[in-house]
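# Structural overview
Okay, here's what each chain looks like letter by letter:
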Amino acid sequence: MLALGVIPLLDAGGPWLPGSRGGGSHSAEADDAMAGRPLVRYPEKTDLILLTSRPPQLETPKPYFDRAITPNEAFFVRYHLIPIPTRVDLATWRLRVGGVVDKPLALSMGDLETGFERVSVVAVNQCSGNGRSRFVPRVFGGQWGDGAMGNAEWTGVRLRDLLHAAGMRPGALEVTFKGLDEPAAPSIPDFVKSLTVSRILDDPDILVAYEMNGQPLPMLNGFPARLVVPGWYSTYWVKNLTEITALDHAFDGFWMKTAYRIPDNSCGCVEPGGKPAHTVPINRMNVKSVIASPADGTQVRAGDATVLKGVAFDGGYGITEVLVSSDGAAWQSARLGRDLGRYSFREWSYELKVKQPGALRVMVRAVNRVGESQPAEPLWNPSGYLRNVVDHIDLQVM
Amino acid sequence: MMKCCVAGLTFSLSLMVAVGVGAPAAEKSIKLPEDNPLGQLKPGPNVDVVRSRCLACHSTDYIVLQPASDAKKWEGEVQKMIKVYGAPISEADAQAIVEYLATAYGDNGEKDQKSKTGKAEK
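Here goes a summary of the coordinates provided. (Residues numbered from 1 in each chain as written. Chains lettered and ligands numbered in written order. Predicted model: local features only at pLDDT ≥ 70, side-chain atom pairs only at ≥ 80, totals over all residues.)

### Observations concerning the overall build of chain A
Each helix and strand in chain A was counted, giving 5 helices and 27 strands. Its C-alpha atoms give chain A a radius of gyration of 21 Å, near enough to 21 Å, the size a compact globule of 398 residues would have. On the principal axes, the C-alpha backbone points of chain A span a range of 70 × 50 × 40 Å. Counting only residues that meet the buried cut, chain A has 49% of its 398 residues in that class. Restricting to contacts in chain A with at least 6 residues of sequence separation, those with at least 24 account for 68%. (Helix = DSSP H or I, 4+ residues; strand = E, 2+ residues; numbered from the N terminus. Rg over C-alpha atoms; globule rule 2.2 N^0.38 Å. Buried ≥ 20, exposed ≤ 12 C-beta atoms within 10 Å, placed from the backbone. Contact = placed C-beta atoms within 7 Å.)

### Here we look at the pairing of strand 10 (residues 149–158) of chain A
Residue and element names in this part refer to chain A. By the criterion of burial, strand 10 is predominantly enclosed, with 8 of the 10 residues buried. With 8 bridges connecting them, strand 9 (residues 119–126) and strand 10 associate as antiparallel partners. When the sheet's bridge partners are listed, Val119 is paired in strand 10 with Gly156. (Pairing = 2+ DSSP bridges.)

### Notes on the packing of helix 1 (residues 47–54) of chain B against helix 4 (residues 91–104) of chain B
All names here are of chain B. With their axes 8 Å apart at the nearest point, helix 1 and helix 4 run at an angle of 120° to one another. Of the possible angle classes, the one that applies to helix 1 and helix 4 is oblique. Remark: the crossing between helix 1 and helix 4 carries left-handed chirality. Here Val47, Val49, Val50 and Arg53 of helix 1 come into contact with helix 4, specifically with Asp93, Ala96, Ile97 and Tyr100. (Axes fitted to C-alpha atoms, helices over the stretch in contact; angles between N-to-C directions. Parallel < 35°, antiparallel > 145°, perpendicular 65-115°, else oblique. Left-handed = near helix turned anticlockwise from the far one by under 90°.)

### Concerning the sheet that holds strand 16 (residues 241–247) of chain A
Residues and elements named next belong to chain A. A sheet is described by the order of its strands in space; here 5 strands give the open sequence 8-7-16-11-12, paired in mixed fashion. The open sheet has two edge strands with one neighbour each: strand 8 (105–107) and strand 12 (192–196). Between one strand axis and the next, the sheet turns by 15° as a mean value, whatever way the strands run. Two elements, strand 11 (residues 174–179) and strand 12, share 5 bridges in a ladder whose sense is antiparallel. Bridge pairing in strand 12 links Phe177 to Lys193.

### So, the sheet that holds strand 24 (residues 335–336) of chain A
Residues and elements named next belong to chain A. Spatially, 19-21-25-24 is the arrangement adopted by the 4 strands of the open sheet, whose pairing is antiparallel. Either end of the sheet is taken by a strand with one partner, and the two such strands are strand 19 (288–293) and strand 24. In this structure, strand 21 (residues 305–313) lies alongside strand 25 (residues 346–353), joined through 8 bridges in antiparallel fashion. In the sheet register, Leu308 faces strand 25, and the bridge partner there is Tyr350.

### Comments concerning unusual backbone geometry
Residues and elements named next belong to chain A. The step from Val136 to Pro137 runs through a cis peptide bond, and the omega angle for that step is -5°. Of note in the backbone geometry, Asn213 takes a positive phi value of approximately 50° without being a glycine. With respect to the helices and strands, the residue Asn213 is situated in the loop between strand 13 (207–212) and strand 14 (215–216). With a phi angle near 60°, Tyr260 is a residue other than glycine that sits in the positive phi range. Of note, Tyr260 is situated in the loop between helix 5 (254–257) and strand 17 (261–263).

### A short note on helix 1 of chain B
Residues and elements named next belong to chain B. Of the positions making up helix 1, those classed as buried are Val50, Arg53 and Cys54. Summarising the axial view, the buried residues of helix 1 lie within an arc of 85°, below the 170-degree limit, and thus occupy one face. The exposed residues of helix 1 that point more than 90 degrees off its buried face are Asp48 and Ser52. Turning to helix 1, the residues buried within the fold contact helix 2 (61–64) and helix 4. (Arc of directions from axis to C-beta.)

In structure tokens:
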């Protein structure tokens, strides 16, 4: 029985801290990145893998990705700036909608709940740099394993309904989003993101969400309200929202103009170690799938059936197939779980019957509605974004 | 690789919830734990400069989990902290910090070779 607040560091062998397996394989490189990473329990959270303390970055252990919905307490955490908000009083919190509008608004939580249509969308929230620690050659940045992602039902109001209520003017070009986190010094660029007005008006699923899986947002996932941009990487999903501002010009803040940019080509990639000629802001998520169980390195008996489970997702076209292979040439269809919508994790499962003893590498890849899939070899960019190489586990067949 | 030990990270949480099923919290307040004690900097030249200049903005685990890199790459990161993130660090301190990082978290070329081996094995 654990004393409250004291978390033992689990030895190699737990499903989320894979044991070292000896030279050269993918597993060994993955192990190097994850070895020694403790489990920690932050407020409103269960045991999560610590990446950094301050600002906090916590990732979700892989076993949670065998089901479509990620519980709020297991959802990953990522902040850019300290101080992060640690206290919000709904009596005084207001969401301000202003800028190029006729009627600037200062909305309370009650205003949001009663003054606008309440809508929901099930959507994956994934960090742009999920999987960065696996890059070869390595790159600087948050050294995420595979746990900087989660899927939840988000409930709130349509962003375009808010802008309409504020009387956003025809000359508005872009809208910026700012949260309660603040830079530690004025020289540090504040975390502000933007979306174009056309992107917003075309998409009824962009929400200001005040519920996550039917509950108020955890503080560390954006209480009391956050932006939800289904299908796009989570850099846009500004947490602890406080200001929405319409602009009549393009926004050139640091976190749009300099940070979070990808090579301007179809793969978002360059030669390993190279530099892109042109970049664009990161945007829609690519196709991705993961094997959540069994864990990498699991022993199975020849002749037994082993059930593989995981999830697959993309940037909103929807997953149509998940394929499993043990040789990279022949691929079999996995069974897909319930469809919770095109922005959601899709559960998949596959019953594997292995006859031959020895080491066995099992791979999974997903295909979306427009035929996009995943590369067999990892793609590279200098920022460590967009990782979606075919996932695999190594089984020991006895 | 770091081996295990007990990480005593404590927290406290206070939540005042409005009465009623599904009613939102009227106020939320959390207390964050201390910086991860396992993210300590390795000993090295000028480590005191790193502590005094870097920890104002972020915990040490932002540093210690980065890939082992040579002085040129570490210099790039330190200059980014100054030029892009506005860290108030003098040029002299910047050089001291780079020396520390390249020593304590340096790359002797081994990492690159291990990566190449990893790529070659299929």
